[in-house]
Number of protein chains: 2
Amino acid sequence: MRQAGRYLPEYREVRGDRDILETCKDAELVVEITLQPLRRMPVDAAILFSDIMVPLAAIGVPVRIEPGRGPVVTPPIRTMADVERLRPLEPESDVPEMLEAIALLRAELEVPLIGFAGAPFTLASYLIEGGPSKNHERTKALLFGEPAIWEALMRRLTDIVSVHLLAQARAGAQVLQVFDSWVGALHPDVYRRAVQPYVREVFQRVRAAEVPTIHFGVGTGELLPLMVEGGGDAIGIDFKTPLDAGWSRAGGPAVCAVQGNLDPAALLALWEATEGEVRAVLAAAEGRDGHIFNLGHGVLPETDVAQLQRVVDLVHTETERVPQ
Amino acid sequence: MRQAGRYLPEYREVRGDRDILETCKDAELVVEITLQPLRRMPVDAAILFSDIMVPLAAIGVPVRIEPGRGPVVTPPIRTMADVERLRPLEPESDVPEMLEAIALLRAELEVPLIGFAGAPFTLASYLIEGGPSKNHERTKALLFGEPAIWEALMRRLTDIVSVHLLAQARAGAQVLQVFDSWVGALHPDVYRRAVQPYVREVFQRVRAAEVPTIHFGVGTGELLPLMVEGGGDAIGIDFKTPLDAGWSRAGGPAVCAVQGNLDPAALLALWEATEGEVRAVLAAAEGRDGHIFNLGHGVLPETDVAQLQRVVDLVHTETERVPQ
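Residues numbered from 1 in each chain as written. Chains lettered and ligands numbered in written order. Predicted model: local features only at pLDDT ≥ 70, side-chain atom pairs only at ≥ 80, totals over all residues. Heavy atoms only, no water.

Considerations on the packing of helix α9 (residues 137–145) of chain B against helix α10 (residues 147–171) of chain B
Residue and element names in this part refer to chain B.
Item 1. At a minimum axis separation of 5 Å, α9 and α10 run at an interaxial angle of 110 degrees. One element, α9, and the other, α10, form an angle in the roughly perpendicular class. Residues T139, L142, L143, F144 and G145 of α9 form the contact with α10, whose participating residues are P147, I149 and W150.
Item 2. Classifying every residue of the contact of α9 with α10 gives six nonpolar, two polar and no charged. (Axes fitted to C-alpha atoms, helices over the stretch in contact; angles between N-to-C directions. Helix = DSSP H or I, 4+ residues; strand = E, 2+ residues; numbered from the N terminus. Parallel < 35°, antiparallel > 145°, perpendicular 65-115°, else oblique. Contact = heavy atoms within 4.5 Å. Nonpolar A, V, L, I, M, F, W, Y, C, P; charged D, E, K, R; others polar.)

Structure, rendered in structure tokens:
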């Protein structure tokens, strides 16, 4: 997850001062940045360099990615008229560079390529709040107080996300990951009512692509069974939920594979401490099939690449790889 | 929880542009602000107007509360030398205005007065990060990578927090609440090893005061059993964990009373939706003894006071109050 990025000096060099969304419109750059971490570490898959806001920017939503802050949407989307201006995504004309980059990457890569999208709730939160939010209060106020607008917004986003994912698979992505990063802010009853139907529709529509799917969020300990119901062949477990407890709650390997869950901050420690944390994750997965070792959230920018390399080596030494 | 504050126009008027920490040094103002919400709503207890950074500011830590951001510590505390400059708290000379305000409030109040403090981990996070943090990465890096500094810092904070709470009880506080607000960022194994011993010592030392105690954090679904072990006669449950599930996980009423857990954002909705959310909390507590109805986190600044008043009335109508 988020393999490429600011922790790599070669990424900072290639991107320079360019906006992330601009960078995503240059297929050659997307290919280069996607390949960078693989030149450093023998990871088992590549994840496309992109941003969850790409499809929204592509249909004309006024969004920019502010360094150190994240996606900012000005003006935000809060009324029915705002929602009605969100037009459907037409991938071939709206995100051609991304589709081109995927095709180029497939020619280069010896490991599977993961495409991804933000889930409707997480995208809705950015659109409604106008930026990253600690409490997601405007999103919840709309969800609780304006159900018709909420439903209309979630319907349009569901369509955009589904179309976006299907296009990535058609272009060559071999796995699709859905990031519902902020859904952990919700009580399970609210999730079930106001979010799950839409994310379920995304996974149902994406089934047509016949590729494995991964469903990920943060702070989702209470939501795991509902997220599994929502869809995905694998469920991401964040670093706050013990891997074994989360796995049991998600329904076990019969239902769903599990991805996770090293705390990215554990990579900032001395190797001895990091190694202990990696081994603890492996021990929690011991004896179960269907574990994808990963961080429980994205790589922090201040991470030393050497630490990541040691983690990849340790995991490969200690585990048996699934034959491809 | 956080009854006083920016959602009350009379609070904004009284405080004006004054820094929160300055405001806390004026006993008359503390009394006035503590009483403000009680003039609006017949809540069952008052919570002292203060801030978790008060005892640290009082021993000379360079902290200020930035409006819209929170506590900022410049320079932050990251070395053993920094830690050794944290001197013990002497409440009678360091926070005399707070103690005076508690005595004045006791003369005025007909409901119990709740005093509080931040827990060692949450205070440590502000000191190490230098301000509010999304990922608490520097805190974790120190915890994982510099165990001697971590231990020394937590020991000093444990002493400061215990002394601070005991002084509040001696001055007249009838309940003590410990806010470990950010502890939900930790994996349970890390909590058990690096945080629980210190918070347990706080609760053990505070037992001398012979007043009920409340232990609160956010995002603590996985930590509840360990927090109960850490201490507290009641455990706070945030709004993301279903009250009944959290209650069972915390060990049930035999072990611990439970406080919570209406989502503060539910107060921003139309009353019909808010009412539904309040009734859902009451239904989740149905048939169990020892439920303190509360929000699952602080009141959001944009909350309409009328909504809070309706909630208080509804809860009083629907439940039987514990005789005092």
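As for the environment of V95 of chain A
All names here are of chain A.
Item 1. Checked against the element boundaries, V95 lands in the loop between α6 (91–94) and α7 (96–108).
Item 2. Given the relative accessible area of 3%, V95 is considered buried.
Item 3. When the C-alpha positions of V95 and P55 are compared, they lie 7.2 Å apart, and in sequence the two are 40 residues distant.
Item 4. Not counting the four nearest positions on each side in its chain, V95 is found in contact with V54, A58 and E90. (Buried < 20%, exposed > 50% of the residue type's maximum accessible area, 1.4 Å probe, protein only.)

Comments concerning the side chain of S162 of chain A
All names here are of chain A.
Item 1. Looking at where S162 falls in the secondary structure, it is placed in helix α10 (residues 147–171).
Item 2. With a relative accessible area of 0%, S162 lands in the buried category.
Item 3. Ignoring anything within four residues of it in the chain, the contact list for S162 reads V202, R205 and V206.

A closer look at the nonpolar core
Item 1. Ranked by size, the top nonpolar core spans 236 residues in total, and within it M53 and W150 of chain A together with M53 and W150 of chain B carry the most contacts.
Item 2. By residue number, the principal contributor to this core is α10 of chain B, which donates 12 residues.
Item 3. In contact with M53 of chain A, other than residues within four places in its own chain, are L21, V63, I65, P71, V73, L123 and Y126 of chain A. (Core = buried A, V, L, I, M, F, W, Y, C linked by side-chain atoms within 4.5 Å.)

A look at empty space enclosed by the protein
Residue and element names in this part refer to chain A.
Item 1. Here the structure, examined in full by the defined rule, presents one cavity of 30 Å³ or more.
Item 2. A volume near 40 Å³ is recorded for the largest cavity.
Item 3. Every residue lining the largest cavity is listed: C24, V30, L48, F49, S50, V54 and M98.
Item 4. Looking at side-chain class alone, the lining of the largest cavity contains six nonpolar, one polar and no charged residues. (1 Å grid on protein atoms, 1.4 Å probe; cavity = no way out; pocket = protein on both sides within 12 Å on 5 of 7 lines; lining within 4 Å. Points joined across faces, edges and corners; volume = space filled by probe spheres on them.)

These figures come from the coordinates and say nothing about function on their own.
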